Amino acid sequence: MEITNTAGYFMDFDKEDIVEQFARGDKARNSEGNGLGLAIVRTYTSALGGEFDISIDYDQFKAKLFFPRERQETSKGRLLK
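Because the structure is a prediction, the values reported are computed rather than measured.

Chemist: Can you help me understand the sheet that holds strand 2 (residues 51-57) in this one?
Modeler: Strand-to-strand pairing in sheets goes through backbone hydrogen bonds, with the strands running parallel or antiparallel. Strands sit in the order 1-3-2 across an open sheet of 3 strands; the sheet is antiparallel. Each edge of the sheet is formed by a strand with only one pairing partner; in this case those strands are strand 1 (2-6) and strand 2. On average, each strand axis in the sheet is inclined to that of its neighbour by 15°, with strand direction left out of account. Pairing analysis gives 5 bridges linking strand 1 to strand 3 (residues 60-66), with the strands arranged antiparallel. Note on strand 3: the bridge partner recorded for Ile3 is Ala63. Its contacts with the sheet put helix 2 (residues 37-47) on strand 2 and strand 3, and the angle it makes with strand 2 is roughly 145°.

Written out as structure tokens, the structure is:
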């Protein structure tokens, strides 16, 4: 899964910084929010056995979630996707 966030400003932060708890992408922001969203996503994705990554390009960042695809067999021997 990939989610793109577009801002009205140049994103001048590293991806390692923005996923830390209480991090805010725009230091001048004074709106509500405490910067926990991406830290929660990273932790929850890891707990489910997935991987989380972010890429930054000027005024956009993309949050990417990767989960392993598992196949399960039914009681009748059929494979589920």
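Chemist: Honestly, helix 2 in this entry has me stumped. Any pointers?
Modeler: Given 3.6 residues per turn, any residue in an α-helix points the same way as the ones three and four places further on. Among all positions in helix 2, only Leu38, Ala39 and Thr45 are buried. Down the axis of helix 2, the sector holding all buried residues measures 135°, keeping them to one side. Residues Ile40, Thr43, Tyr44 and Ala47 are exposed on helix 2 and point more than 90 degrees away from its buried face.

Chemist: Would you mind going over the pairing of strand 2 with me for this structure?
Modeler: A regular strand places its side chains so that they alternate between the two faces of the sheet. Of the strand pairs in this sheet, strand 2 and strand 3 are connected by 7 bridges, and their pairing is antiparallel. Bridge assignment links Asp57 to a residue of strand 3, and that residue is Gln60. A loop of 2 residues connects strand 2 with strand 3, the two strands running antiparallel in sequence, and Tyr58 in this loop sits at a positive phi of about 55°.

Chemist: What am I meant to see in the side chain of Thr45 here?
Modeler: You can see Thr45 is positioned in helix 2. Here Thr45 falls in the buried class, since its relative accessible area comes to 2%. Look past the residues within four positions of Thr45 in its chain and what remains in contact with it is Gly50, Glu51, Phe52, Leu65 and Phe67.

Chemist: Sorry if this is basic, but what is going on with a nonpolar patch on the surface here?
Modeler: On the surface, a cluster of nonpolar side chains totalling about 440 Å² of accessible area is made up of Ile40, Tyr44, Leu48 and Phe67. Examined against the element boundaries, Tyr44 turns out to sit in helix 2. Given a relative accessible area of 54%, Tyr44 falls into the exposed group.

Chemist: I keep staring at the nonpolar core and nothing clicks. Help me out?
Modeler: Among the nonpolar cores identified, the biggest contains 11 residues, and these are Ala7, Met11, Phe13, Ile18, Val19, Leu38, Phe52, Ile54, Phe61, Ala63 and Leu65. When contributions to this core are tallied by element, the ones reaching two or more residues are strand 2 and strand 3. For this core, the leading source of residues is strand 3, giving 3 residues. In this structure Val19 touches Leu38, Ala39, Arg42, Phe52 and Ile54, once residues within four positions along its chain are discounted.

Conventions and cut-offs
- Residues numbered from 1 in each chain as written.
- Predicted model: local features only at pLDDT ≥ 70, side-chain atom pairs only at ≥ 80, totals over all residues.
- Heavy atoms only, no water.
- Pairing = 2+ DSSP bridges.
- Helix = DSSP H or I, 4+ residues; strand = E, 2+ residues; numbered from the N terminus.
- Axes fitted to C-alpha atoms, helices over the stretch in contact; angles between N-to-C directions.
- Contact = heavy atoms within 4.5 Å.
- Buried < 20%, exposed > 50% of the residue type's maximum accessible area, 1.4 Å probe, protein only.
- Arc of directions from axis to C-beta.
- Patch = residues over 30% accessible without salt bridge, like charges linked within 9 Å, V, L, I, M, F, W, Y side chains within 5 Å.
- Areas by Shrake-Rupley, 256 points an atom, 1.4 Å probe, with all protein chains shown as cover.
- Salt bridge = Lys/Arg side-chain N within 4 Å of Asp/Glu carboxyl O.
- Core = buried A, V, L, I, M, F, W, Y, C linked by side-chain atoms within 4.5 Å.

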